[in-house]
Amino acid sequence: MASKVKLTFNVLFISAAVILSNVIRFKLLPIDNETKLSLGYPRDSLLNFTELASEYGYATEEHTVVTEDEYLLTVFRIVRGKNCKGKIKTPPVILMHGLLQSSDAWLDAGPSAGLAYLLADACYDLWVGNQRGNYYGRRHLKYNPDEDAEFWNFSVDEIGLYDIPATIDYVLNQTNVNKLNYIGYSQGSGSLFIMCSERPGYCDKVKILIGVAPAARQTYSKSVIYRLATKSIAAMEGVIRGAGIHEIFAKGQLSQEALGFICQMSAIAEPVCGTAEQLFDSFHPGSITNTTLQVMFGHFPAGTSVHNMARYGQSMSTDKFQKFDYGKDVNLLKYGSEMPPEYNLNRMTAPIVIIYGRNDHLVDPKDIAWLVEQLPNVANVMEVTDPLWNHFDVTYSQYTSELIFPTVNKYLTKFSTS
């Protein structure tokens with residue numbers, strides 16, 4: 001009985017927090033950038049991808065991808081890295097972010113550690129993607145995300161089915177090649193697995209996938225906050241959406257604005273914001289610098305749908321990598337079966353390199369081991385040598401250039417020409 005009472009309290013608490021953060025967003029937030037600069041916010045935290053890359057001497061292009069279901073996604077291309085001295089390598093490389101992130105995450109650690117900068121400097125033709133629901137993916141040919149609930153009827157299932165294939169096709173058409181290389185972080189890898197399972201022939205367009213902390217099933221995720229938030233949202237999705245709330249953890253909502261405000265004060269950036277990040281993931285002191293924390297919380301969280309967060313909540317309660325579970329009756333109508341179908345990881349025919357951290361509390365090493373067993377063409381599995389390496393380190397650590405990039409570069413070089 002006590003556990004049921006505790007669960008009920010947690011569900012109500014999370015639901016109230018979600019509703020409050022969304023309501024406050026429209027009445028009080030966001031603070032305009034001019035005011036933020038006067039308050040001491042770091043300039044980099046207020047810049048978009050193009051502005052931030054330009055700040056450090058990297059020229060970019062901005063492209064719009066249209067998906068089959070009419071979402072408009074912004075994709076950025078770094079044409080040539082500032083420190084690239086040779087020919088641009090082929091084929092192009094897509095770099096895809098994780099849950100609640102945007103393309104900006106790959107720049108937040110700065111030119112010495114941000115993976116987008118490192119790849120561009122190594123002379124790759126780099127395309128940095130965005131997925132529906134973040135602030136670069138809040139457009140649709142028919143729906144208004146601020147007015148139409150239909151816009152938010154998606155999870156990673158639809159991202160893999162529509163966003164990733166559309167982005168791949170767009171990049172291939174723009175560069176006039178028939179294959180590309182793909183780097184996916186967390187959800188950025190999981191969505192490619194979904195594409196390969198659901199879209200015959202699309203895996204043949206990928207020469208190699210480098211999956212960094214790849215998220216398929218998440219049965220063993222250790223993060224208490226992540227499990228509590230997602231499972232509570234899954235349990236209360238109907239109530240939350242019935243209250244008119246379909247977008248969650250968006251830029252400009254209380255969660256992001258409060259973190260951005262607190263973290264701009266350098267004296268408390270590490271003890272407060274670093275602790276907040278590590279409570280969500282795991283403890284790795286000194287890996288993410290104060291400067292990066294300040295910039296990061298200007299761009300994170302970047303937003304997604306309530307439905308997508310509910311989808312991840314479901315993934316905590318199963319040992320399968322499967323589609324959204326709508327319940328027996330709706331499953332029968334939607335899938336033709338009482339249980340949601342599992343994704344077929346055997347269709348991930350492109351070679352894959354998996355990089356993971358032992359201390360990752362979101363994508364647990366046990367789930368990585370399970371994933372490796374399911375995939376038919378694993379070229380390499382690398383555990384990062386730092387035993388404290390966690391999930392957020394991939395995009396934000398000052399040590400990415402030492403601990404992640406050499407392996408990424410090795411395999412991209414193997415599948416590239418210059």
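To be clear, the structure that these remarks concern was listed above.
Residues numbered from 1 in each chain as written. Predicted model: local features only at pLDDT ≥ 70, side-chain atom pairs only at ≥ 80, totals over all residues. Heavy atoms only, no water.

**Concerning the pattern of salt bridges**
One pass over the structure, following the stated rule, counts 17 salt bridges. Two residues, Lys-320 and Asp-319, come together in a salt bridge whose shortest N-O distance is 3.4 Å. Classification of Asp-319 as partly exposed rests on a relative accessible area of 44%. Between Arg-358 and Glu-383 there is a salt bridge, and its shortest N-O distance comes to 2.8 Å. One end of the pair, Arg-358, is in the loop between strand E10 (352-356) and helix H13 (365-374); the other, Glu-383, is in strand E11 (residues 378-383), and 25 residues separate them in sequence. Through salt bridges with shared partners, a single ionic network connects Glu-61, Arg-77 and Asp-125. (Salt bridge = Lys/Arg side-chain N within 4 Å of Asp/Glu carboxyl O. Buried < 20%, exposed > 50% of the residue type's maximum accessible area, 1.4 Å probe, protein only. Helix = DSSP H or I, 4+ residues; strand = E, 2+ residues; numbered from the N terminus.)

**Describing the packing of helix H5 (residues 156-175) against helix H6 (residues 187-198)**
The N-to-C vectors of H5 and H6 enclose an angle of 85 degrees; their axes lie 8 Å apart at closest approach. By the angle class used here, H5 and H6 are roughly perpendicular. Side by side, H5 and H6 meet where Val-156, Asp-157, Ile-159, Gly-160, Leu-161, Ile-164, Pro-165 and Ile-168 of the first sit next to Gln-187, Ser-191, Leu-192, Ile-194, Met-195 and Glu-198 of the second. Considered class by class, the residues forming the contact of H5 with H6 number nine nonpolar, three polar and two charged. (Axes fitted to C-alpha atoms, helices over the stretch in contact; angles between N-to-C directions. Parallel < 35°, antiparallel > 145°, perpendicular 65-115°, else oblique. Contact = heavy atoms within 4.5 Å. Nonpolar A, V, L, I, M, F, W, Y, C, P; charged D, E, K, R; others polar.)

**Some points on the side chain of His-97**
Along the chain, His-97 falls in the loop between strand E3 (89-96) and helix H4 (115-121). Take His-97: its relative accessible area is 2%, and that puts it in the buried class. Within the structure, the side chain of His-97 is placed 3.1 Å from the backbone nitrogen of Gln-131, a separation counted as a polar contact. Looking at His-97, its side chain comes within polar contact range of the side chain of Asn-134, at 3.3 Å. With residues up to four places along the chain from it excluded, the contact list for His-97 reads Ser-102, Ser-103, Trp-106, Gly-129, Asn-130, Gln-131, Asn-134, Tyr-185, Gln-187 and Gly-188. (Polar contact = N/O pair within 3.5 Å; in protein donor to acceptor, adjacent residues only side chain to side chain.)

**What about the side chain of Glu-247?**
Looking at the element boundaries, Glu-247 is found in strand E8 (residues 247-248). A distance of 3.0 Å separates polar atoms of two side chains, one belonging to Glu-247 and the other to Arg-138.

**Comments concerning H5**
Under the 1.5 Å per step criterion, the end-to-end length of H5 is 27 Å for 20 residues, consistent within 8% with the ideal 28 Å. Most of H5 is tucked away: 14 of the 20 residues are buried. One or two residues past the end of H5 sits Asn-176, with phi positive at roughly 60 degrees. (Expected span 1.5 Å × (residues − 1).)

**Considerations on the packing of helix H7 (residues 224-242) against helix H11 (residues 306-315)**
As a packed pair, H7 and H11 sit with axes 7 Å apart at the nearest point and diverge in direction by 130 degrees. Classified by the interaxial angle, the pair formed by H7 and H11 is oblique. Viewed along their axes, H7 and H11 form a crossing whose handedness is left-handed. Only Val-306, His-307, Met-309, Ala-310, Tyr-312, Gly-313 and Gln-314 of H11 make contact with H7, whose side of the interface consists of Tyr-226, Thr-230, Lys-231, Ile-233, Ala-234, Glu-237, Ile-240 and Arg-241. Tallied by class, residues from the contact of H7 with H11 come to eight nonpolar, four polar and three charged. (Left-handed = near helix turned anticlockwise from the far one by under 90°.)

**Quick look at the nonpolar core**
Counting residues in hydrophobic clusters, the biggest one holds 68 residues, and the most contacted among them are Ile-168, Tyr-182, Leu-192, Phe-193 and Met-348. Here this core takes seven residues from H5, the largest share from any one element. Beyond its immediate chain neighbours, meaning those up to four positions away, Leu-192 contacts Ile-164, Ile-168, Tyr-182, Val-206, Leu-209 and Met-348. If you look at the next biggest cluster of nonpolar residues, it comprises 41 residues, including Phe-76, Ala-122, Ile-183 and Leu-412. (Core = buried A, V, L, I, M, F, W, Y, C linked by side-chain atoms within 4.5 Å.)

**Remarks on the packing of aromatic side chains**
In the structure shown here, the tally under the stated rule is 19 aromatic pairs. Plain terms: the ring middles of Phe-151 and Trp-152 are 4.7 Å apart, the flat faces sit at 70 degrees to each other, and that makes the pair edge-to-face. By relative accessible area, which is 2% here, Trp-152 ends up buried. Between Phe-324 and Tyr-326, the ring centres sit 4.6 Å apart and the planes meet at 50 degrees, which makes this aromatic pair tilted. Judged by relative accessible area, Phe-324 falls into the buried class, the value being 4%. When its relative accessible area of 30% is taken as the criterion, Tyr-326 is described as partly exposed. Among the aromatic residues, ring-to-ring pairing joins Tyr-226, Phe-280, Phe-297, Phe-300, Phe-392 and Tyr-396 into one connected group. Of note, Arg-132 hangs over the ring of Phe-154, and the distance from its end group to the ring centre comes to 5.9 Å. (Phe/Tyr/Trp six-rings, centres within 6.5 Å; stacked < 30°, edge-to-face > 60°. Lys NZ or Arg CZ within 6 Å of the ring centre and 35° of its normal.)

**Concerning the pairing of strand E7 (residues 206-212)**
Burial analysis of E7 places six of its seven residues in the buried class, the great majority of the element. With six bridges joining them, strand E6 (residues 180-185) and E7 adopt parallel strand pairing. Following the sheet pairing, Ile-183 is matched in E7 by Ile-210. As for the winding sense of the linkage, the β-α-β connection from E6 through H6 to E7 is right-handed. Where E7 lies against E10, four bridges are found, and the strand directions are parallel. What sits directly across from Ile-210, in E10, is Val-353. (Pairing = 2+ DSSP bridges. Right-handed = clockwise from strand over helix to strand, strands pointing away.)

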